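Structural characterization, general
Chain residues, written in single-letter form:
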Amino acid sequence: MRHLMSPLDFSVEELDKLLTLASDIEKNPKKYAHICDDKRLATCFYEPSTRTRLSFEAAMMNLGGKVLGFSSADSSSAAKGESVADTIRVVSCYADICAMRHPKEGAPLVASMYSSIPVINAGDGGHQHPTQTLTDLLTIRSLKGRLNNLTIGLCGDLKFGRTVHSLIEALVRYTGIRFYLISPEELRVPSYIREDVLNRNHVSYTEVERLEEAIPELDILYMTRVQRERFFNEEDYVRMKDFYVLDKAKMELAREDMFVLHPLPRVNEISVEVDNDPRAAYFRQAQYGVYVRMALILTLLEVELPC
Ligand code: NCD
């Protein structure tokens with residue numbers, strides 16, 4: 001039985017297969033509409049979410065399966081003091097696969113150790129968010145036609161933003177990847193990402209503070225929200241929150257074939273005036289998230305695929 005805790009749990013070849021399956025699902029949704037008729041997905045979300053939880057639920061419904069779960073710690077037995085280990089043992093009796101989000105780093109990993117069904121990490125604290133990364137990879141591959149030879153700008157809260165950590169880990173395995181890490185000094189990527197992931201893999205990266213400096217070079221600009229809930233004090237958050245605002249003027253500095261991604265939710269970091277720019281791909285990205293989660297559910301459940 002396989003779980004998904006980090007994007008590295010799949011080899012590049014396995015990822016390629018998964019993304020190809022997701023693209024086939026996009027083109028031929030009917031083919032997959034009843035493939036999970038007898039399956040159930042549990043969504044155990046101890047932290048707020050819109051896209052991740054709903055896209056998992058939509059994914060299972062699109063496959064003909066059913067969904068159950070909870071969307072906050074308050075509405076689960078966690079409020080009574082139940083451990084994640086006990087909860088997953090119980091959920092294993094009710095569902096065939098579980099997507100779990102938790103504010104504590106490593107909680108889904110603990111769950112996977114006690115589970116008798118596949119567990120998917122749907123975001124653990126400031127650590128990892130592998131299914132967002134699958135979404136990002138599918139989006140980039142669909143829009144640019146490749147996952148190698150790309151210059152990618154990651155902008156905003158690179159310290160607490162788990163989507164950024166997972167995306168960097170996944171992309172360093174492709175050739176010709178170059179990063180611009182665009183953040184204020186206080187929100188730079190954690191040193192373990194710099195040392196253990198970027199430097200160890202000899203990946204080329206430049207750390208800059210000004211978005212204007214990097215934007216003309218980019219194939220992909222990945223914007224992120226300042227993660228208010230992970231700050232220790234409100235004052236620091238207030239100082240950082242509007243550090244970057246991508247607007248029409250900045251988009252004029254970018255290439256015609258650059259795409260803007262954002263895991264969403266957006267706060268102020270992308271002005272709504274950018275939404276109608278053909279290069280703004282963040283809502284399309286949310287749609288790709290459903291296809292890739294359908295492909296992931298099928299892969300982890302080892303469902304026999306239609307030809
Ligand atoms: C991200 C997350 O939860 O980490 N959102 C998402 O899953 N689409 C990004 C964020 O919350 O800023």
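For the structure given in this document, a descriptive report is provided here. (Residues numbered from 1 in each chain as written. Predicted model: local features only at pLDDT ≥ 70, side-chain atom pairs only at ≥ 80, totals over all residues. Heavy atoms only, no water.)

1. Examining the nonpolar core
Within the largest apolar cluster, 63 residues are counted, with the highest numbers of intra-cluster contacts made by L63, L154, I168, F179 and L298. No other element matches helix 11 (residues 282–300), which puts 10 residues into this core. Mapping this core onto the domain boundaries places at least three of its residues in each of domain 1 (7–128 + 289–301) and domain 2 (130–286). The residues touching L154, leaving out its near neighbours within four places in the chain, are V164, L167, I168, F179, Y180, L181, I182 and Y222. (Core = buried A, V, L, I, M, F, W, Y, C linked by side-chain atoms within 4.5 Å. Buried < 20%, exposed > 50% of the residue type's maximum accessible area, 1.4 Å probe, protein only. Helix = DSSP H or I, 4+ residues; strand = E, 2+ residues; numbered from the N terminus. Domains from an automatic or database assignment. Contact = heavy atoms within 4.5 Å.)

2. Description of the site of the ligand
Around the ligand, the neighbouring residues are R51, T52, R101, H129, Q132, R162, T163, R225, Q227, P263, L264 and P265. The contact in question runs from an oxygen atom of the ligand to an N or O atom on the side chain of H129, over 2.7 Å. Within the side chain of Q227, a nitrogen or oxygen atom sits 2.7 Å from an oxygen atom of the ligand. Burial of the ligand by the surrounding chains reaches 94%, relative to a free accessible area of 310 Å². Counting atoms within 2 Å of the grid points, the majority share of the ligand lands in the largest pocket. At the level of elements, helix 2 (51–62) and helix 6 (162–171) are the ones that each hand at least two residues to the shell around the ligand. A breakdown of the residues in the shell around the ligand according to their chemical character gives three nonpolar, five polar and four charged. (Near = heavy atom within 4 Å. Polar contact = N/O pair within 3.5 Å; in protein donor to acceptor, adjacent residues only side chain to side chain. Areas by Shrake-Rupley, 256 points an atom, 1.4 Å probe, with all protein chains shown as cover. 1 Å grid on protein atoms, 1.4 Å probe; cavity = no way out; pocket = protein on both sides within 12 Å on 5 of 7 lines; lining within 4 Å. Sits in = over half its atoms within 2 Å of the grid points. Nonpolar A, V, L, I, M, F, W, Y, C, P; charged D, E, K, R; others polar.)

3. A closer look at the sheet that holds strand 7 (residues 204–208)
Note: strands within a sheet are paired through backbone hydrogen bonds, in either parallel or antiparallel orientation. Taken together, the five strands give an open sheet; going across it, the order is 7-6-5-8-9, and neighbouring strands pair in parallel fashion. At either margin of the open sheet sits one strand with a lone partner, and together these are strand 7 and strand 9 (259–261). Adjacent strand axes in the sheet meet at a mean angle of 20 degrees, parallel and antiparallel pairs treated alike. Direction of pairing for strand 8 (residues 220–223) relative to strand 9: parallel, over a ladder of three bridges. In the strand pairing of strand 9, Y222 is matched with L261. Helix 5 (residues 130–144) contacts strand 5 (150–155), strand 8 and strand 9 of the sheet and is inclined by roughly 170 degrees relative to strand 9. (Pairing = 2+ DSSP bridges. Axes fitted to C-alpha atoms, helices over the stretch in contact; angles between N-to-C directions.)

4. Side note on the state of the cysteines
All told, the structure shown has zero disulfides when counted by the stated rule. Of the cysteine sulfurs around C44, a residue in no disulfide, the closest is that of C98, at 3.8 Å. Lacking any disulfide linkage, C93 is separated from the closest cysteine sulfur, that of C44, by 12 Å. Note on C93: relative accessible area 62%, which makes it exposed. (Disulfide = S-S within 2.5 Å.)

5. A word on the sheet that holds strand 2 (residues 66–70)
Spatially, 2-1-3-4 is the arrangement adopted by the four strands of the open sheet, whose pairing is parallel. Edge positions in the sheet fall to strand 2 and strand 4 (119–124), since each has one partner strand and no second. Strand-to-strand twist in this sheet, taken as the mean axis angle between neighbours without regard to direction, amounts to 15 degrees. Note that strand 3 (residues 97–102) and strand 4 share four bridges and pair parallel. Note that in strand 4 the partner of C98 across the bridge is V119. Across the face of the sheet, helix 2 comes into contact with strand 1 (40–45), strand 2, strand 3 and strand 4 while running at roughly 175 degrees to strand 1.

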